[in-house]
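Spelled out, the chains give:
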Protein chains: 8
Amino acid sequence: MNKDYWLSLFNQIKKEEVGSEQFLEMVRDYPYSDLAHTKLDTHRSLFRNHAEVIYGEGKSARQIVDIVLHQKKLAETSYLITRVSRDKAESILELMPELIFDPDAAILFKAKDNINGPEVPILTGGTADYSVAKEAAITLSYLGCTPKIYADVGVFGLHRLLAIRENLLRTRVAIVIAGMEAALASVAAGLIPGLVIGVPTSVGYGSGAGGKSALLSMLNSCAPNLAVVNIDSGFKAAYLAAIAIGEKFNETTS
Amino acid sequence: MNKDYWLSLFNQIKKEEVGSEQFLEMVRDYPYSDLAHTKLDTHRSLFRNHAEVIYGEGKSARQIVDIVLHQKKLAETSYLITRVSRDKAESILELMPELIFDPDAAILFKAKDNINGPEVPILTGGTADYSVAKEAAITLSYLGCTPKIYADVGVFGLHRLLAIRENLLRTRVAIVIAGMEAALASVAAGLIPGLVIGVPTSVGYGSGAGGKSALLSMLNSCAPNLAVVNIDSGFKAAYLAAIAIGEKFNETTS
Amino acid sequence: MNKDYWLSLFNQIKKEEVGSEQFLEMVRDYPYSDLAHTKLDTHRSLFRNHAEVIYGEGKSARQIVDIVLHQKKLAETSYLITRVSRDKAESILELMPELIFDPDAAILFKAKDNINGPEVPILTGGTADYSVAKEAAITLSYLGCTPKIYADVGVFGLHRLLAIRENLLRTRVAIVIAGMEAALASVAAGLIPGLVIGVPTSVGYGSGAGGKSALLSMLNSCAPNLAVVNIDSGFKAAYLAAIAIGEKFNETTS
Amino acid sequence: MNKDYWLSLFNQIKKEEVGSEQFLEMVRDYPYSDLAHTKLDTHRSLFRNHAEVIYGEGKSARQIVDIVLHQKKLAETSYLITRVSRDKAESILELMPELIFDPDAAILFKAKDNINGPEVPILTGGTADYSVAKEAAITLSYLGCTPKIYADVGVFGLHRLLAIRENLLRTRVAIVIAGMEAALASVAAGLIPGLVIGVPTSVGYGSGAGGKSALLSMLNSCAPNLAVVNIDSGFKAAYLAAIAIGEKFNETTS
Amino acid sequence: MNKDYWLSLFNQIKKEEVGSEQFLEMVRDYPYSDLAHTKLDTHRSLFRNHAEVIYGEGKSARQIVDIVLHQKKLAETSYLITRVSRDKAESILELMPELIFDPDAAILFKAKDNINGPEVPILTGGTADYSVAKEAAITLSYLGCTPKIYADVGVFGLHRLLAIRENLLRTRVAIVIAGMEAALASVAAGLIPGLVIGVPTSVGYGSGAGGKSALLSMLNSCAPNLAVVNIDSGFKAAYLAAIAIGEKFNETTS
Amino acid sequence: MNKDYWLSLFNQIKKEEVGSEQFLEMVRDYPYSDLAHTKLDTHRSLFRNHAEVIYGEGKSARQIVDIVLHQKKLAETSYLITRVSRDKAESILELMPELIFDPDAAILFKAKDNINGPEVPILTGGTADYSVAKEAAITLSYLGCTPKIYADVGVFGLHRLLAIRENLLRTRVAIVIAGMEAALASVAAGLIPGLVIGVPTSVGYGSGAGGKSALLSMLNSCAPNLAVVNIDSGFKAAYLAAIAIGEKFNETTS
Amino acid sequence: MNKDYWLSLFNQIKKEEVGSEQFLEMVRDYPYSDLAHTKLDTHRSLFRNHAEVIYGEGKSARQIVDIVLHQKKLAETSYLITRVSRDKAESILELMPELIFDPDAAILFKAKDNINGPEVPILTGGTADYSVAKEAAITLSYLGCTPKIYADVGVFGLHRLLAIRENLLRTRVAIVIAGMEAALASVAAGLIPGLVIGVPTSVGYGSGAGGKSALLSMLNSCAPNLAVVNIDSGFKAAYLAAIAIGEKFNETTS
Amino acid sequence: MNKDYWLSLFNQIKKEEVGSEQFLEMVRDYPYSDLAHTKLDTHRSLFRNHAEVIYGEGKSARQIVDIVLHQKKLAETSYLITRVSRDKAESILELMPELIFDPDAAILFKAKDNINGPEVPILTGGTADYSVAKEAAITLSYLGCTPKIYADVGVFGLHRLLAIRENLLRTRVAIVIAGMEAALASVAAGLIPGLVIGVPTSVGYGSGAGGKSALLSMLNSCAPNLAVVNIDSGFKAAYLAAIAIGEKFNETTS
């Protein structure tokens, strides 16, 4: 139900191609479509300029296909389904081969074509944080931004971070992804003038298992420009980054 | 050490009012001043356009005065000291009567004069969240934004929130402050198109005492546009809001 | 050992069809039957009008069959066994094909025939809460109520909840099932005049994994009409709802 | 804004005693009154048959007086303010001597006159749970029920509980208040056919300090008819009890 | 290295059947045998009248066989190895067919022949606590006591517990095993004049998963005669019971 | 209501000094006396050979006096009230000067005269554990045992513990009281053949504050002869010790 | 009981100034002195080259004086008592004016005279960590090392830390003291080639209150050369640093 | 990039075997090599005398091979990769048969040849702590120290620990590895004059599962010479031990 859908509907009514009964049928779903198992938010692409993102965990392959087909019917052209297991992804891809599955990020998606929104740097503390970074990167692309990953710049070897210092000096929004003690978030936020969104990861063991240590670190950071999201939520960080950065490039493109 | 300081220095050198030795003495402190007890970040007003904010807890009245006098010497004209007890505030005010103390927010400050930056809505769940809201509001003013508090719009009486719905429809950045189960954050984020910064508060009792319940609620919110800061940190929320909103109005004013 | 059992026994004694020794043998089990592994509460259907519900976890298929056969011998006609794995259910169904297995709810049951008790609305926050909702719904049916599921009405898209607002206005008892930050419980309780029973679910990840965040949210809700049960306990919520609503329809039917 | 208020308004309009402008002024506050610090829910006495209960913690004496005076202006005749410290209560009582302060329950209230609603038993585990029981009892009275406290019937001396067994046999709703291991809740729920609302208390020490042990006990009770509220929340338990029991006696009295 | 071993050694020396060098070889291991992977306590059967009990978790089948063979060489005639998986047990039984494996208790053992020590009642809250009860029962037998299990006497159906009340009236030491809210421990301790050892179990779900709720319940019990051991530790409870009861029957048998 | 009370009553009836109505009045309270605020267990001195111990916290001075006077009327001659603040103790002592207050243990008591029961060693880890040791010691005396405190034998200076090793070799029951990491409990239990009751204390700071570290240490001890009670519960440890040791010396004295 | 004490004793025996009975009296206390409340370790100054450090919390002023006087009698010349409140310190100073009280560190001490041991850098994250740093510094002096405090070098303003980088390049042992998210520990450990001892502090608020966040950060640090001690334990960090550095300078001085 | 690499480079330049362009290519990676997935710290063998240790968890077999091959190219001759699963190890060994896999420690390594550094004792509480001890031992060897494992010397059988007391008397640095209540750490630290590094292990069950109890025990130990690392981190303990002991033997060998 994006703008094109409504504009075309408007024209069809004017041209009397659409009668009142047909019209009522078409708008019946507004503002959401009830698919029995799911109440799909259908007007989000008007309000937020993208179709509702689907959280895959806890939904069956069948339910996901239902949802995406429904979005397609409503003229959506890009899709994003997060947290999809490889098995589930394969059953879905058989039915919808136009989607792409990224196994690192566990994401199934189809992005819009020509993305040239502003760059958002994504810093990770270690190699093991990569899957969360990938979830953030694909989400950023889906939302029209250009992700730029700086992997493995954790603070123990500080020179690795200082080496990219220049690249961060004019950053308006950045994402920092780190597990264990997540000290990278505080240090990086000190080098970045803009908004930093911290994603604690569940990378770690012993007292740090599950990401609790990283989460507490980020919440208690001395950096005033660091906001925090839930453990491993690369998606949410990307979403926030896109919103924070969004107004400007949206306006220039519209 | 704000821009004026450096520009005037530049001119003084050109006019030969400042000799090289004097110059070296003046820049000796760059990039921080060592006050023995505190290493004051002195170039932040260049980089971020405001003097370093002082966290008052754990510092003596004497130390705070030292810091503010030093900032004054460096040509700062606005000051913000958070988490100052009434006793400490009174001793400081005797020496620096130009500061203002807000007992609700436990903040000692002097803001710049003509603030007309963009409006940032601050929603609170209940009457008891007011002191955190006040901390956020004064910080926003200090950073050049215009805070607008909507108090006591918690979700149990949903009509109180729906009544202000229209005011939120074009919000780019908002702050939501709530204790107990903090459901307001998720609901409000659903009504706001822009970035929402959630501040869990320590308001509550029993299993919710200390703000843990509110913090977990916000971190686990279904709203993708909700970022979180530490419990009771009105200051950090305001700081983030100002940064997120900042680019635009800064550019129009410069 | 329901009423029919006792009434028929009473008549058999009067007609001298049952002698004193036989009588003693028959009441030997009162008030419970000792099946070695389990002490089965046998007079509950007198006291509470249904056979004891069996908690399946930690019991073997063999033990469950023992129990149900014993209940059958005591003239029970409806059965409810919760938390039964698919494997266990299949072994039991071979022996007792009259039972029905619901894999979503992991429940094995046989309900009474003509259920027309009062309607109890069950609201869920998301698609992933469905199995808990199903456990509640089957239990309600078993206890003579009519469940009505409103799935996926979480608060981020508030219009989905407001769309069913009218249906809730005369609700005496409702069940709200939600994971993550469970804000739905507080909001729904504000729209419902009657008793609301909240079931936190283990749906979530990171800091919300296991349901702790949802549990704390519901316990700390600002809604005074919200009572809470253990995480994922759809059964207990249904049981409480049936008791709360029960007096009235029981009286009209007796 | 109870029924009388609206009926009298209706009649005044019919008799042309109230003009349209005056009418608009009167309904301006519907559905809540904005007292700046508090948004008071003013139509609750229509919807729920009592004025909004005020949570006193975190509100100043002045704010509480404002609220109660406003309720008075809207024709309320009963008031309930919970969690009021003795100091605050004394300042309020100077201005509003018609209120009563109960120091055990930390409640300031004025109940309706002739309460003869159904009896709700309140069981406590020990002498130290008394203040929470008192909070529940006064709230029940305020809501039109008749509280009956059975104090100090904890399970270690089981005969104390068995001695009141008969009194519980026809109970539709009961409240059980217990700290430490709160075993009373499970045992009492087994003796009561109706709905039991458990209130864990913060009575205890060591690993049980703060009520965590009691809360977990109640949430994990084997009793299916036990619902739980937050630690020390005598108010919420009473509120729930009144709602659960409410329909019937309301109907007979109307 | 039990008494018989040492007495026979003593006699062999007297009869000159054992020379000094052989003697030194034989006592070399006193007071423990170093098996490289394990330092086996070899004089415990003198001090405590039984061979050291082996904790099987974290030891390989090969290591366990080493240990038992070594104990055999030192004239032990009874063995107890706890927490042995079925796989490990089967490899061990091939080499040592004289041992018995109890799959419920996950114990591998060989008890002394004629056990007629005092009876120790073991009460369990539910059917699912049975494996812990079995671990306690076998350990008691190994240590010369007579276990008596009363299964499934949880407090919700209090009549099941009251039915065995008479059996408990002269109990000197009892074991109570319960999960979930473990209210049975407090209630049973009130009915038993002697020492009660509580074993919280990991039976439960949601907020009670892992046994935390049961553990806190027992630690915070109002019963002064209730001591607590770690979650699921049927072994330790049995060991403590045997020691507490031990003096008396040991003396009559020696 | 100890044995003397009942024997004298028996004789009075035989001698016709007590009529049936008077008799009924006298036994009216059996098995407990309802003092409104407290249900006093009055037959415990028959069952357990001492009057009910009163937990002072959460009871007013007035309530405590009521209880003790009532116990006195029932012919008790020894009393024990734990956790009494100095202020409360002083008000009580004015009315009942025969009681003794121990400020270290916060206990108010009157013990029986000639105590010569078996010795129970009490070991403490450090000087700061002394108040808990004192609570245990007075309770032991009250229950007829002879406490023997070995203070400050923590494991860092192991020679302090080894120096008392001989004294522990024939111990049937001992109490070990320790805070911080409470390693003393495991080590001492290894040196003691009998039952050891561990009392974790709240002595410690940082991550050990409140006694959590000591509690976990004792619960997870490798010593099979170590039972645990709640943090700081010197009373419960003493009670358990007295019961465990009790049978024997009771029998010799009766 | 330091070396001088024993050497002089040795000479006195040789010169027959000390007889055998007197000798026995003198060594009676070896290896500890029993002061009733405290078992003082008296041979530590032989083993570790300093008198036992006294932990002041939980000891009365009187007990502390007893201990220090006893140490004095045994020829100790330096003393260290940690965690002493100002009140307690003042009572002690009246009796022992040769001690010095440092109110920031809450330490009472008398150090040896000419300290010229190796330098140990102490880095602190913020001004509020100063009291812990002071505790570490005084302890280091007491143990013969030279503390060098670098205060307020937290990572948000990284240039403050980089400015002292050169000073750390040849550091064998350093102490890092930080609260909140304690990122300083990881970053500093990356700049220091030697052993780093991290002290988390209780500085912080909200989810970081009490030091839990800082503790977890340090335990989960990516830096392999970072060891951790308990929250706020400046003393233990200093002690460990002195031991780690000790061998070398001890050898050169002996 | 160890010393040999740089010295040979230096000579090649002098002999004009390496031109400036080639030189730039060779130093391009200084101070780290960017392998896309990993930023490898390449100058650590200069600074710390060994190649960067690779943390295997979260890295693919392919990534590990990349890293080791790169290290080889830079003239490293020893390698250490920790936390490698057997599967991953086998794929790596096919490509790099010169590495050795230790399945107990889950380590893949190649140590330098002639290790004769100082001995570091490793004490373990029980047989199940062996894998952590092995991780520490291999790491120590890799870093040039000589590990000496004393297995299964837990404190319940104190004689096992006292038997090795003499071996510990001159220890400068030791590692203590223990799970459950980890009392061994405190006791052993009391017997060792030098630095003790405690490694809590995840060995345990019930309330001790995951190592939390052992971690708290070590953090709260009364032993001032005990430093702590994360749960199960044998690697970090070994690394710290090698650094602490290092200066001396490094100097003698250089």
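Note that the structure is predicted; figures quoted are calculated from it, not measured. (Residues numbered from 1 in each chain as written. Chains lettered and ligands numbered in written order. Predicted model: local features only at pLDDT ≥ 70, side-chain atom pairs only at ≥ 80, totals over all residues. Heavy atoms only, no water.)

Undergrad: Can you explain the relation of the copies chain C and chain D? Please cite residues and give values.
TA: When chain C is fitted onto chain D, the two copies agree to an RMSD of 0.2 Å after a turn of 180° and an axial shift of 0.1 Å. Such a combination of rotation and displacement between the chain copies is what one expects of a two-fold axis. When C-alpha positions in chain C are compared against the rotation axis, the closest is assigned to V228 of chain C, at 2.5 Å. Both copies present the same face, since 97% of the interface residues in chain C are matched by interface residues at the equivalent positions in chain D. (Least-squares fit on C-alpha atoms with pLDDT ≥ 70 in both. Contact = heavy atoms within 4.5 Å.)

Undergrad: Which residues make up the packing of aromatic side chains, and what values go with them?
TA: Using the criterion set out here, one finds 16 aromatic pairs over all chains in the structure. Its guanidinium or amino end placed over the ring of Y150 of chain B, K148 of chain B lies 5.2 Å from that ring's centre, counting from NZ or CZ. (Phe/Tyr/Trp six-rings, centres within 6.5 Å; stacked < 30°, edge-to-face > 60°. Lys NZ or Arg CZ within 6 Å of the ring centre and 35° of its normal.)

Undergrad: An account of the sheet that holds strand β4 (residues 79–82) of chain B is needed here, citing residue identities and associated values.
TA: Residue and element names in this part refer to chain B. Ordered by their spatial adjacency, four strands build an open sheet running β3-β4-β6-β5, and the pairing between neighbours is mixed. The open sheet has two edge strands, β3 (54–55) and β5 (100–102), and neither has a second partner. Sheet contacts for helix α4 (residues 61–73): β3 and β4; angle to β4, the most-contacted strand, approximately 160°. (Pairing = 2+ DSSP bridges. Helix = DSSP H or I, 4+ residues; strand = E, 2+ residues; numbered from the N terminus. Axes fitted to C-alpha atoms, helices over the stretch in contact; angles between N-to-C directions.)

Undergrad: Before we move on, could you go through the pattern of salt bridges and cite the residues and values that matter?
TA: In total, this model carries 40 salt bridges over all chains according to the counting rule given. Of the charged contacts, one joins E135 of chain B and R83 of chain B as a salt bridge, the two residues approaching to 3.3 Å between their closest N and O atoms. Here E135 of chain B is found in helix α6 (residues 130–142), whereas its partner R83 of chain B is found in the loop between β4 and α5 (86–95), with 52 residues between them in sequence. Assigned by exposure class, E135 of chain B and R83 of chain B land together as buried. We note a salt bridge from K134 of chain C to D102 of chain C, for which the minimum N-O separation is 2.7 Å. With K134 of chain C in helix α6 (residues 130–142) and D102 of chain C in strand β5 (residues 100–102), the pair connects residues that are 32 residues apart, well separated along the chain. The burial state of K134 of chain C is the same as that of D102 of chain C; both residues are buried. (Salt bridge = Lys/Arg side-chain N within 4 Å of Asp/Glu carboxyl O. Buried < 20%, exposed > 50% of the residue type's maximum accessible area, 1.4 Å probe, protein only.)

Undergrad: How would you sum up the sheet that holds strand β6 (residues 107–110) of chain G? Please name residues and give values.
TA: All names here are of chain G. What the four strands build is an open sheet, ordered β3-β4-β6-β5; its pairing is mixed. Each edge of the open sheet is held by one strand with a lone partner, namely β3 (54–55) and β5 (100–102). Two strands pair when backbone bridges link them, and β3 and strand β4 (residues 79–82) are joined in this way by two bridges, in the parallel orientation. For Y55, the partnering residue across the bridge sits in β4 and is T82. Across the sheet, helix α4 (residues 61–73) lies against β3 and β4, angled at about 160° from β4, the strand it touches most.

Undergrad: Tell me about the relation of the copies chain E and chain F, and name the residues and values.
TA: Screw-axis analysis of chain E against chain F gives a translation of 0.0 Å along the axis, an RMSD of 0.1 Å, and a rotation angle of 180°. Comparing contact sets, 100% of the residues at the interface of chain E also lie at the interface in chain F, consistent with an isologous, same-surface contact.

Undergrad: Lay out the interface of chain E and chain F with the relevant residues and their values.
TA: Counting residues at the interface gives 32 residues for chain E and 32 residues for chain F. Interface area, chain E with chain F, both sides summed: about 2,600 Å², of which 60% is carbon and sulfur. Considering only the side of chain E, the residues that lose the most area to chain F are L219, P224 and K236 of chain E, jointly responsible for 23% of the buried surface there. Here chain E is connected to chain F by zero salt bridges. Across the contact surface, chain E and chain F share seven residue pairs in polar contact (both at pLDDT 80 or more). Broken down by secondary-structure element, the contributors of at least two residues to the side of chain E that touches chain F are α9 (183–191), α10 (212–219), β11 (226–228) and α11 (234–253) of chain E. (Buried area = accessible area lost by both parts, 1.4 Å probe. Polar contact = N/O pair within 3.5 Å; in protein donor to acceptor, adjacent residues only side chain to side chain.)

Distances and angles like these do not, on their own, reveal function.
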